[in-house]
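Chain and residue survey
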Amino acid sequence: MASSHTDCHFCLQPLRGRKYALREENAYCVPCYDSLYANPCEECKQPIECNSKDLAYKGRHWHEGCFRCAKCSCSLVEKPFAAKDEVLLCTECYSDEYSSKCFHCQKTIMPGSRKMEFKGSSWHESCFVCQYCRQPLGTKPLITKDNENYCVPCFEKQFAHHCYACKKVITSGGVTYHDLPWHTECFVCAVCKTQLSRQRFISKDEQPYCIDCFSKFHAKKCAACKKPITAPGGAKYISFEEHQWHRECFNCAKCSVSLVGQEFLTRQDYILCHKCGSA
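On a predicted model such as this, the values are computed, not experimentally measured, just so you know.

What follows concerns the overall build of the protein. Broken down by element type, the protein carries five helices and 20 strands. The C-alpha radius of gyration computed for the protein amounts to 46 Å, which surpasses the reference 19 Å derived for 279 residues by more than 25%, pointing to a less compact arrangement than a globule. Dimensions along the principal axes, computed over C-alpha positions, put the protein at roughly 155 × 40 × 30 Å. Burial analysis of the protein (279 residues in total) assigns 32% to the buried set. Taking as baseline every contact in the protein between residues at least 6 positions apart, the subset at least 24 positions apart corresponds to 11%. One finds the centroid of the 37 positive side-chain charges in the protein at a distance of 11 Å from the centroid of its 30 negative side-chain charges.

Below, the structure is given as structure tokens:
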């Protein structure tokens, strides 16, 4: 511009007919202004003269031609960009280097777009859907099977077993008994309702029983001691006609010698060794 000021505020040279720059109401010739106040360019380190456009970002300055992506060198003037460790990158390069990849489609989740996170992985919002009905899962309850996500209704429809006892869906765990699924808490003794998933049990007529209840209501009774034969440790027994004995109770009624593997005689409900029976 034509100078209306008399002299340069710094070098005191006349400004008449010369371009000048104002700073705090003081006029400077262009060389003095550039040497005193021009910002150094972050890229080329040369001063950004007053007749050049000065592009600033977070206290740093660039020539318009130097304001470029550090990776692909495309101009960032009037374009969106991102900074990483003070390095400027266009959104495409930033995404390639630092953005999450969608677990489903393996494509980059662009900065600014909404993403869903689940079990340490990220999804595009449009990719985070039920594998069966394809409806968005958002923050709804879901169940994962073979790395695929399902809404609860679709999972139950496609995969879930129904408890043989309560008929409700088994979503995790459970017990299989006679090829039938049960909730752990539903798999109980048919008599006392004690949970059986972590203890020994005996089956009768497709119903499970704890040892105590089975022994009390269904076990064979020893003809000698009258105690249940199926009590723990006493499952091995000897049977003859309609009577059963614990092996340790299968003794001669007179001399008490063991008759396991020996010949014996019967007298009413008693068993006798050959010697006692012949006397």
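Now that the structure has been shown, the text picks up again.
Once that is clear, we can look at the layout of surface pockets. The computed volume of the largest pocket comes to approximately 200 Å³. What lines the largest pocket is simply E42, E43, R60, W62, G65, C66, R68, C69, A70, E86, V87 and L88. Within the residue set of the lining of the largest pocket, elements represented by two or more residues are β4 (60–63) and β6 (87–90). Here the residues of the lining of the largest pocket sort into six nonpolar, one polar and five charged. By volume, the second largest pocket amounts to about 160 Å³. Along the wall of the second largest pocket there are 13 residues; nearest its centre are H161, I170, S172, G173 and P181. Of all the elements in the fold, those that place two or more residues in the lining of the second largest pocket are β13 (175–177) and β14 (180–182). Each residue belonging to the lining of the second largest pocket can be placed in one class, and the counts come to seven nonpolar, six polar and no charged.

With that out of the way, let us pick up the pairing of strand β7 (residues 115–118). Successive residues of a regular strand alternate their side chains across the two faces of the sheet. With four bridges joining them, β7 and strand β8 (residues 121–124) adopt antiparallel strand pairing. Bridge pairing in β8 links E117 to S122. As consecutive antiparallel partners, β7 and β8 are separated by two residues, and within that stretch K119 has a phi angle of approximately 55°, a positive value.

Take the confidence of the model for the protein next. Model confidence for the protein is summarised by a mean pLDDT of 83, while 95% of its residues fall at 70 or above. By mean pLDDT, the top-scoring element of the protein is β4 (92), and the lowest-scoring one is helix α4 (residues 211–217) (75).

Time to look at unusual backbone geometry. Phi at S73 is positive, roughly 70°, even though this residue is not glycine. Within the secondary structure, S73 sits in the loop between β4 and β5 (81–84). In this structure, D179 takes a positive phi of about 60° despite not being glycine. In this structure, D179 sits in the loop between β13 and β14.

Counting 16 residues, the largest nonpolar core has C163, W182, F187, C189, L196, C210 and F214 as the members making the most contacts within it. Counting residues per element, the ones that place at least two in this core are β13, β16 (207–210) and α4. Per-element accounting of this core gives the leading share, three residues, to α4. Leaving out residues up to four positions away in the same chain, L196 has contacts with F187, V188, C189, F201, P208, Y209 and C210. I109, W123, I143 and A160 belong to the second largest nonpolar core, which has 15 residues in total.

What counts and what doesn't
Residues numbered from 1 in each chain as written. Predicted model: local features only at pLDDT ≥ 70, side-chain atom pairs only at ≥ 80, totals over all residues. Heavy atoms only, no water. Helix = DSSP H or I, 4+ residues; strand = E, 2+ residues; numbered from the N terminus. Rg over C-alpha atoms; globule rule 2.2 N^0.38 Å. Buried < 20%, exposed > 50% of the residue type's maximum accessible area, 1.4 Å probe, protein only. Contact = heavy atoms within 4.5 Å. Lys, Arg positive; Asp, Glu negative; His and termini not counted. Charge placed at Lys NZ, Arg CZ, Asp CG, Glu CD. 1 Å grid on protein atoms, 1.4 Å probe; cavity = no way out; pocket = protein on both sides within 12 Å on 5 of 7 lines; lining within 4 Å. Points joined across faces, edges and corners; volume = space filled by probe spheres on them. Nonpolar A, V, L, I, M, F, W, Y, C, P; charged D, E, K, R; others polar. Pairing = 2+ DSSP bridges. pLDDT = per-residue confidence, 0-100. Core = buried A, V, L, I, M, F, W, Y, C linked by side-chain atoms within 4.5 Å.

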